[in-house]
Amino acid sequence: MTTHYLLNKLRQENPLVHSITNQVVSNDVANSLLAIGASPMMAMAPEEMEEVTKFAKAVVLNIGTLTTEILEAMLIVGKAANKKGVPVILDPVGVGATQFRQEAVSMLLKEVTIQLITGNAGEMAYLAGIDWSSKGVDAGEGKASGREIAERVARRYQTVAAVSGKEDFVSDGRMTIGILNGDPMLTRVTGTGCMLSGICGAYLAVGGKPVLESTVEACTAYGVAAEIAVENKEVNGPGSFRASLIDALYNLSEQTIRDKENIKRYHVNKSEEGTNE
Amino acid sequence: MTTHYLLNKLRQENPLVHSITNQVVSNDVANSLLAIGASPMMAMAPEEMEEVTKFAKAVVLNIGTLTTEILEAMLIVGKAANKKGVPVILDPVGVGATQFRQEAVSMLLKEVTIQLITGNAGEMAYLAGIDWSSKGVDAGEGKASGREIAERVARRYQTVAAVSGKEDFVSDGRMTIGILNGDPMLTRVTGTGCMLSGICGAYLAVGGKPVLESTVEACTAYGVAAEIAVENKEVNGPGSFRASLIDALYNLSEQTIRDKENIKRYHVNKSEEGTNE
Amino acid sequence: MTTHYLLNKLRQENPLVHSITNQVVSNDVANSLLAIGASPMMAMAPEEMEEVTKFAKAVVLNIGTLTTEILEAMLIVGKAANKKGVPVILDPVGVGATQFRQEAVSMLLKEVTIQLITGNAGEMAYLAGIDWSSKGVDAGEGKASGREIAERVARRYQTVAAVSGKEDFVSDGRMTIGILNGDPMLTRVTGTGCMLSGICGAYLAVGGKPVLESTVEACTAYGVAAEIAVENKEVNGPGSFRASLIDALYNLSEQTIRDKENIKRYHVNKSEEGTNE
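Thresholds, definitions, all that
- Residues numbered from 1 in each chain as written.
- Chains lettered and ligands numbered in written order.
- Predicted model: local features only at pLDDT ≥ 70, side-chain atom pairs only at ≥ 80, totals over all residues.
- Heavy atoms only, no water.
- Helix = DSSP H or I, 4+ residues; strand = E, 2+ residues; numbered from the N terminus.
- Rg over C-alpha atoms; globule rule 2.2 N^0.38 Å.
- Buried < 20%, exposed > 50% of the residue type's maximum accessible area, 1.4 Å probe, protein only.
- Contact = heavy atoms within 4.5 Å.
- Areas by Shrake-Rupley, 256 points an atom, 1.4 Å probe, with all protein chains shown as cover.
- Lys, Arg positive; Asp, Glu negative; His and termini not counted.
- Charge placed at Lys NZ, Arg CZ, Asp CG, Glu CD.
- UniProt positions renumbered as here; feature names shortened; annotations may be inferred.
- Phe/Tyr/Trp six-rings, centres within 6.5 Å; stacked < 30°, edge-to-face > 60°.
- Lys NZ or Arg CZ within 6 Å of the ring centre and 35° of its normal.
- Least-squares fit on C-alpha atoms with pLDDT ≥ 70 in both.
- Pairing = 2+ DSSP bridges.
- Axes fitted to C-alpha atoms, helices over the stretch in contact; angles between N-to-C directions.
- Salt bridge = Lys/Arg side-chain N within 4 Å of Asp/Glu carboxyl O.
- Buried area = accessible area lost by both parts, 1.4 Å probe.
- Polar contact = N/O pair within 3.5 Å; in protein donor to acceptor, adjacent residues only side chain to side chain.
- Nonpolar A, V, L, I, M, F, W, Y, C, P; charged D, E, K, R; others polar.
- Arc of directions from axis to C-beta.

Participant: Pulling in residues and values, what's your account of the overall build of chain A?
Facilitator: Looking only at helices and strands, chain A has 12 helices and nine strands in total. In terms of C-alpha radius of gyration, chain A reaches 17 Å, essentially the compact-globule figure of 19 Å for 277 residues. Dimensions of chain A, computed from the C-alpha atoms along their principal axes, are close to 45 × 45 × 35 Å. Put simply, chain A has 277 residues, and 65% of those count as buried. Put simply, 72% of the contacts in chain A that link residues at least 6 apart link residues at least 24 apart. Total accessible area computed for chain A in this model is approximately 9,800 Å², and 49% of it derives from carbon and sulfur atoms. Of the side chains in chain A, 26 bear a positive and 33 a negative charge, and the two mean positions are spaced by 3 Å.

Right, here's the structure in full:
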């Protein structure tokens, strides 16, 4: 059982979440942040990246349409966030697809302390060093389970890792939590993973819980919202689902999340812990 | 009473409005321009900025995701528009937040003659030189009223100023008009201020009225559309409201605007006029 | 009669379509690709353009918000696609509007072999060298018919040309096919032409038919989806139509397309063929 008390806190505090996200999804990320109760900011000029951390309570870096200029901005804002103790979330969209993305993510992981990495199985398997057959920005297929991938990424980078999928897995390398909430319709709308990493940013911005637990709350809230959105009888496909998802995030209550949460806890056994690298 | 005769003219003339807007909201700005009856163009390469003023009947500059390259484009298109007598609208998104934005707006105001500045209270208070507590791109809080802010910005920059809020205030420094139409749901969707500045561009493009009056028509039309959109019984949150707002702009008639307009006129007294700077 | 068998194949193969599209419409293009059954990728850094052709089964180049950096990326990915036999689709948005766009398209046509050019009458008339009165990115007006324009572009550039309008015309210079499916509401939503060029990319990615026939299937499917979308009784304007269009693409079946297709075949006569350039 998870307590789910961050949503009301989030709506009271209305934290500013600074997102450098890809241009395909920036509107949906901003609207999902507003719907859940946060305040989005999406500046991306390197010249102002140091200063935006004056207001930001979390920084989300999403490499979906990365350019060298955007990478420069990410490095500045990431380091500034680290100095001020502002949590940094990394969403390594399509990292396995090209050397440019691999090098960018490697640089971000080296120069910025990341509190949470979120991605699909293909992206996270690449980071875990696990063989995987991906295709562009899709999850693809491979032999490791989402759980194994999350645990490996968490231990390898000493961070919290969230792997999205039919069952989402969130791990800090010692404890892993599976979230079974959600709906397959999420895979038919672009940017639903990017919205989730944004919402994780909002939950981490509120604080008061370990990153692992905050992330589990965020993933559960989002999964429950998707379930509610798809039940709306006006929803007839991904176009109407997308609007319904924003509505569901906006109308979500802690009680509904508690009623619908479907979570499993896994303890990482000691011998596995020792064999991570 | 305002006459509200620009909407039909706008739909007959279908003016091209050139917007350099931020990437988060560009789709919604384009669709709201189409819905109201204008034709959006959103080029942003500095190389073509001189030439786009061949077609443009108004130019809207929105600094939401400004970069140095985009600023360069804005300066070129703004000056070209000035030469041809094409009205220029400035939406100084988040101007108070960073020095980069402050310098950019200061440069735009110095090198380009701006016919209308639109923004929320926080952004406009910054331009008015009034102490204000803003947070990123949000309106924030302060002691001056929206009316005072609008009047100060209008006089300081010898332009028309529109401050959005629960009551919108439009002022040319001598006369101020308050528009009480609108709905709080507008604050829960990203880019609704940017859509309004775009629509102001469309109304200024049509011409035939002083900028103050055209802006009041635009703000009233937009506020009325928001009221209609929220009354739609399918609307269940900001996701469905956003689509409904575009529908309402598309279906808006001058008669509906006249029936629902809620406007107040304020005369700026002489002594205030003298103390502005 | 057209056989319409590519839709099911597309949904089975789920091809990755790499689109460099404009920032105004990138979200809608991605969602329409997902809805029809393809997998969108939208990277745009020149550094990774060579590599993305590892996965891409089609490349779509849309110049709506072109910059010199994006043009550079287009040239790299276009040439790489040519080497690997991956079809390239060009959507020359607003090409007539500025010299910058004219030179960019001229460079793309010279350095990249394009399998399909899609555009509205104004854009395609410019490419055909036909006098036309356009306004920005709109279709505008002129004396030639859509059919003539399509045929001229096809012959001039030895490619397949698709001209969108009340009747869409697709031509390879010898055979021209008119598609009467569609709905005027498509002209009230930004990016509906860009979504169509994206979907053409998905159909060309599947292959197994000449480009002319694949394009006709794509245009028919899209037009039928628009007809279904507008019949939805929840649709009350362009905002709700836009979501409904994505839903209709998602729910589309080959049988529905066959039942609703409205296609005409025109043979280009020999003497016309000889007089094209």
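Participant: Quick one: what's the story with the UniProt feature "binding site: ATP" (unreviewed entry) in chain A, residue by residue and with numbers?
Facilitator: Residue and element names in this part refer to chain A. The feature "binding site: ATP" (unreviewed entry), as annotated in UniProt, sits at Thr 118 and Ser 164 in this numbering. Taken together, the annotated residues stretch across 47 residues yet fold into one region, lying no more than 7.5 Å apart by C-alpha. Topologically, Thr 118 is positioned in strand β5 (residues 116–120). Judged by its relative accessible area of 6%, Thr 118 falls in the buried class. Inspection of the secondary structure assignment puts Ser 164 in strand β6 (residues 160–164).

Participant: How would you explain the packing of aromatic side chains if you had to name every residue and give the values?
Facilitator: Residues and elements named next belong to chain A. Scanning all chains against the criterion turns up three aromatic pairs over all chains. On the basis of an interplanar angle of 45° and a centroid distance of 6.0 Å, the ring pair of Phe 169 and Tyr 266 is categorised as tilted. Highlighted residues: Phe 169 in strand β7 (residues 168–171) and Tyr 266 in strand β9 (residues 263–267), separated in sequence by 97 residues. As far as burial versus exposure is concerned, Phe 169 and Tyr 266 are alike and both buried. Lying across the ring of Tyr 5, Lys 209 places its NZ or CZ 4.7 Å from the centre.

Participant: Lay out the relation of the copies chain A and chain B with the relevant residues and their values.
Facilitator: Two chain copies here: they are related by a rotation about an axis and a translation along the same axis. Aligned on chain B, chain A shows an RMSD of 0.0 Å; the corresponding rotation is 120° and the shift along the axis is 0.0 Å. Taken together, the rotation and translation relating the two chain copies correspond to the operation of a three-fold axis. Ranked by how close their C-alpha atoms come to the rotation axis, the residues of chain A are headed by Gln23(A), at 3.7 Å. Of the residues that chain A buries at the interface, just 12% are likewise interface residues in chain B, meaning the two copies contact each other through different surfaces.

Participant: Provide a residue-level description of the sheet that holds strand β8 (residues 175–179) of chain C, including the pertinent values.
Facilitator: Residue and element names in this part refer to chain C. Strands sit in the order β2-β1-β3-β4-β5-β6-β7-β8-β9 across an open sheet of nine strands; the sheet is mixed. Of all strands in the sheet, those bounded by a partner on one side alone are β2 (39–41) and β9 (263–267). Here the strands of the sheet are splayed against their neighbours by 20° on average, with no regard to which way each runs. As judged from the four bridges shared by strand β1 (residues 16–20) and strand β3 (residues 58–62), these two strands associate in the parallel manner. The residue of β3 that forms the bridge with Ile 20 is Leu 61. Sheet strands in contact with helix α8 (residues 192–206) are β1, β3, β4 (88–91) and β5 (116–120), and its direction is about 160° off that of β3.

Participant: Any details on the pattern of salt bridges? Residues and values, ideally.
Facilitator: Residue and element names in this part refer to chain B. Under the counting rule described, the total for this entry stands at 33 salt bridges over all chains. One salt bridge in this structure joins Lys 209 and Glu 217, with 2.4 Å as the shortest N-O distance. Between Lys 260 and Glu 231 there is a salt bridge, with its nearest N and O atoms 3.8 Å apart. Of this pair, Lys 260 sits in helix α11 (residues 254–260) while Glu 231 is found in helix α9 (residues 211–231), placing the two residues 29 residues apart along the sequence. Looking at Lys 260, the relative accessible area reads 29%, which means it is partly exposed. A residue is classified by how much of its surface remains accessible, and Glu 231, at 54% relative accessible area, is exposed.

Participant: Give me the lowdown on the pairing of strand β8 (residues 175–179) of chain B, citing residues and values where you can.
Facilitator: Residue and element names in this part refer to chain B. The buried fraction of β8 is high, at five of five residues. The side-chain alternation of β8 yields two buried faces, one formed by Met 175, Ile 177 and Ile 179 and the other by Thr 176 and Gly 178. Where strand β7 (residues 168–171) and β8 come together, four bridges link them in antiparallel fashion. Each bridged residue has a counterpart across the sheet, and for Phe 169 the counterpart in β8 is Gly 178. The hairpin turn running from β7 into β8, its antiparallel successor, is three residues long, and Gly 173 in that turn takes a positive phi close to 95°.

Participant: Give a description of the side chain of Asn31(C) that names residues and reports values.
Facilitator: Looking at where Asn31(C) falls in the secondary structure, it is placed in helix α2 (residues 26–36). Residues contacting Asn31(C), with those up to four places away along its chain left out, are Arg188(A), Val189(A), Thr190(A), Arg242(A) and Ile246(C).

Participant: Quick rundown of the interface of chain A and chain C? Include the residues and the values.
Facilitator: On the chain C side, the residues contacting the 30 residues of chain A number 35 residues. Both sides of the chain A and chain C interface together cover about 2,600 Å² of buried area, and 51% of this is carbon and sulfur. Counting across the chain A and chain C interface gives one salt bridge. As a salt-bridge pair, Arg101(A) and Glu48(C) come within 2.6 Å of each other at their nearest N and O atoms.

Participant: Before we move on, can you summarise the relation of the copies chain A and chain C with the specific residues and values?
Facilitator: The two copies are related by a screw motion: chain A maps onto chain C through a turn of 120° and a shift of 0.0 Å along the axis, at an RMSD of 0.0 Å. The residues that chain A uses at the interface reappear at the interface of chain C in only 13% of cases, marking distinct surfaces.

Participant: Go over the UniProt feature "binding site: substrate" (unreviewed entry) in chain A, please, and point to the residues and values.
Facilitator: Cross-referencing UniProt, the feature "binding site: substrate" (unreviewed entry) maps to Met42(A) and Gly191(A) in the present numbering. Within the secondary structure, Met42(A) sits in the loop between β2 (39–41) and α3 (49–52). Once residues lying within four places of it in the same chain are set aside, the contact partners of Met42(A) are His18(A), Ser19(A), Thr21(A), Ser26(A), Val29(A), Ala30(A), Val24(B) and Thr65(B). You can see Gly191(A) is positioned in the loop between β8 (175–179) and α8 (192–206).

Participant: Residue-level account of the interface of chain A and chain B, with values.
Facilitator: Across the contact, 34 residues belong to chain A and 30 residues belong to chain B. The junction of chain A with chain B conceals about 2,600 Å² of combined surface from both sides, 51% of it contributed by carbon and sulfur atoms. Between the two partners, chain A and chain B, sit one salt bridge. Run the count over chain A and chain B and you get 13 residue pairs in polar contact (both at pLDDT 80 or more). A per-element tally of the side of chain A that touches chain B places helix α2 (residues 26–36) of chain A first, with seven residues. For the side of chain A that touches chain B, a count of residues per class yields 15 nonpolar, nine polar and 10 charged.

Participant: Would you mind going over helix α1 (residues 6–13) of chain B in detail, with residue names and values included?
Facilitator: Residue and element names in this part refer to chain B. All of the buried residues in α1 are Leu 6, Leu 7 and Leu 10. In a view along the axis of α1, the buried residues occupy a sector of 100°, so they form one face of it. Buried residues belonging to α1 abut α2 (26–36), α8 (192–206), α9 and α11. Directly beyond the C-terminal end of α1, a positive phi value near 45° is found at Asn 14.

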